[in-house]
Amino acid sequence: MVDTMGDFEVALNHTLSDLGLPPVERALIERTVGKGSEHLVRSVLTHQLALPEVVSSGCVALTWPQAQMVELALERYQHHYSFTNGQYADVYPGVAEGLQALRASGFPLACLTNKPLSFARALLEIKGLNDHFAPVFGGDSFDRKKPDPLPLLKTCEALGTAPAQTLMVGDSQNDGLAARAAGCPVALVTYGYNHGDPIAQAPHDLLVDSLVDIAVVLQGHAKAA
């Protein structure tokens, strides 16, 4: 729903600066986002520490135990992200209109993301999207994250809907795999990053260019029923 690449980039580069490491290229972030903050920070940190210029510089960060380095990097990232959250992000075209159309048609909506819950709630509020969702769940709401089916199954429980009757709308392979494992139909939007891979390669039942298209399809099914 929201392109948060700018938020990630600013928070990560502040974090890397704190650790005496060079800034990360946006292309790496695009390939790494979507699996939770821990995965993002760990992947970026590992990549930057292996850069030839970092290795040859004898950077003090290279001497730290890996677990300690990751823990510190994650702490600094969460600190910086709390200030950048939503500040360098844009709602994708058609999202607000699509959500309004879905609510007007009576469809219950939930938000499920691998982003930490506190950041997810704040982002929805900043972007004026929070009123569309009753339950909101983050990557720390359950024991496991997408693509594990557990978060999606728990979201179905919160909505009071059967998985087979609950449409998962996402933008990545994580979403497609979670939906398949949970037994939910899945629609994927054609924008987003999907770890650098073509979205059409991810499991899906429907590909759409906008959430408005989702509303049109569901309204059509409701009329047919």
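Quick notes on the rules
Residues numbered from 1 in each chain as written. Predicted model: local features only at pLDDT ≥ 70, side-chain atom pairs only at ≥ 80, totals over all residues. Heavy atoms only, no water. Helix = DSSP H or I, 4+ residues; strand = E, 2+ residues; numbered from the N terminus. Buried < 20%, exposed > 50% of the residue type's maximum accessible area, 1.4 Å probe, protein only. Contact = heavy atoms within 4.5 Å. Areas by Shrake-Rupley, 256 points an atom, 1.4 Å probe, with all protein chains shown as cover. Lys, Arg positive; Asp, Glu negative; His and termini not counted. Charge placed at Lys NZ, Arg CZ, Asp CG, Glu CD. Expected span 1.5 Å × (residues − 1). Core = buried A, V, L, I, M, F, W, Y, C linked by side-chain atoms within 4.5 Å. Phe/Tyr/Trp six-rings, centres within 6.5 Å; stacked < 30°, edge-to-face > 60°. Disulfide = S-S within 2.5 Å. Salt bridge = Lys/Arg side-chain N within 4 Å of Asp/Glu carboxyl O.

Engineer: Help me understand the overall build of the protein chain in this model?
Structural biologist: Per the secondary structure count, the protein chain includes 10 helices and seven strands. When the 225 residues of the protein chain are sorted by exposure, 43% land in the buried category. Sequence-distant contacts, at least 24 apart, represent 61% of the contacts inside the protein chain between residues at least 6 apart. Accessible area of the protein chain: about 11000 Å², with a carbon and sulfur share of 53%. Charge-centre separation for the protein chain: the mean point of 15 positive side chains lies 5 Å from the mean point of 24 negative side chains.

Engineer: Looking at this structure, how should I read the side chain of Asp175?
Structural biologist: Within the secondary structure, Asp175 is located in helix α9 (residues 173–182). Those residues within four positions of Asp175 in sequence are excluded, and the remaining contacts are Lys146, Met168, Gly170, Val186 and Leu188.

Engineer: Where do I start with helix α1 (residues 5–18) in this structure?
Structural biologist: Residues separated by three or four positions in an α-helix point in the same direction, a consequence of the helix having 3.6 residues per turn. Over its 14 residues, α1 runs 20 Å from end to end, which matches the ideal 20 Å to within 8%, given 1.5 Å per residue. Along α1, the residues that are buried comprise Met5, Gly6, Asp7, Phe8, Ala11, Leu12, Thr15 and Leu16. Tucked inside the fold, the buried residues of α1 contact β1 (2–3), α2 (26–32), α3 (37–49) and α5 (66–84).

Engineer: Would you mind going over the nonpolar core with me for this structure?
Structural biologist: Nonpolar side chains tend to gather and get buried jointly when the protein is soluble and globular. Among the nonpolar cores identified, the biggest contains 27 residues, and Phe8, Leu12, Leu21, Ile29, Leu40, Leu45 and Tyr77 are the most heavily contacted of them. For this core, the secondary structure elements donating two or more residues are α1, α2, α3 and α5. Per-element accounting of this core gives the leading share, six residues, to α5. The residues contacting Ile29, other than those within four sequence positions of it, are Met5, Phe8, Glu9, Leu12, Val24 and Leu40. Counting residues in hydrophobic clusters, the runner-up holds 20 residues, among them Leu123, Leu124, Val189 and Val208.

Engineer: Explanation requested: the environment of His14 in the structure shown.
Structural biologist: As for its placement among the helices and strands, His14 is situated in helix α1. In this structure, the C-alpha to C-alpha distance between His14 and Arg76, residues 62 residues apart in sequence, is 8.3 Å.

Engineer: For this particular structure, what's the right way to read the packing of aromatic side chains?
Structural biologist: When we look at a pair of aromatic rings, we describe it by the centre distance and by the angle of the planes. Overall, the coordinates contain five aromatic pairs when judged by the stated rule. When the centroid spacing of 5.5 Å and the interplanar angle of 40 degrees are considered together, the rings of Tyr77 and Tyr81 count as tilted. One end of the pair is Tyr77 and the other is Tyr81, both in helix α5 and four residues apart, which spans about a single turn. Both residues of the pair, Tyr77 and Tyr81, count as buried. Every member of this aromatic cluster is reached through a ring pair, and the members are Phe8, Tyr77, Tyr81 and Phe119.

Engineer: Mind showing me how you'd approach the state of the cysteines here?
Structural biologist: In the structure shown here, the tally under the stated rule is zero disulfides. Counting only cysteine sulfurs, Cys156 is the nearest neighbor of Cys184, a cysteine outside any disulfide, at a range of 3.9 Å.

Engineer: What should I look at first to understand the environment of Asp213 in this one?
Structural biologist: If you trace the backbone, Asp213 turns up in helix α10 (residues 211–224). The exposure class assigned to Asp213 is partly exposed, which follows from its relative accessible area of 30%. As a C-alpha pair, Asp213 and Val189 span 24 residues in sequence and 9.5 Å in three-dimensional space.

Engineer: Help me understand the environment of Pro163, please; the structure alone is not making it clear to me.
Structural biologist: Among the secondary structure elements, Pro163 is positioned in the loop between α8 (150–159) and β5 (168–170). Sequence separation between Pro163 and His204 is 41 residues; the distance between their C-alpha atoms is 15 Å. The contacts of Pro163, once residues within four sequence positions are left out, are Leu153, Cys156, Ala182, Gly183, Cys184 and Pro185.

Engineer: Help me out: how do you make sense of the pattern of salt bridges in this one?
Structural biologist: Opposite charge on two side chains lets them pair, provided their charged atoms get close. Summed over the entire model, instances satisfying the criterion amount to eight salt bridges. Salt-bridge contacts for Arg26 lead to Glu9; the nearest nitrogen and oxygen are separated by 2.6 Å. Of the two residues, Arg26 is situated in helix α2 and Glu9 in helix α1; the sequence distance between them amounts to 17 residues. Of the charged contacts, one joins Glu157 and Lys154 as a salt bridge, the two residues approaching to 3.9 Å between their closest N and O atoms. One end of the pair is Glu157 and the other is Lys154, both in helix α8 and three residues apart, which spans about a single turn. Take Glu157: its relative accessible area is 57%, and that puts it in the exposed class. Three or more residues are tied together by salt bridges with common partners; here these are Asp18, Glu75 and Arg76.

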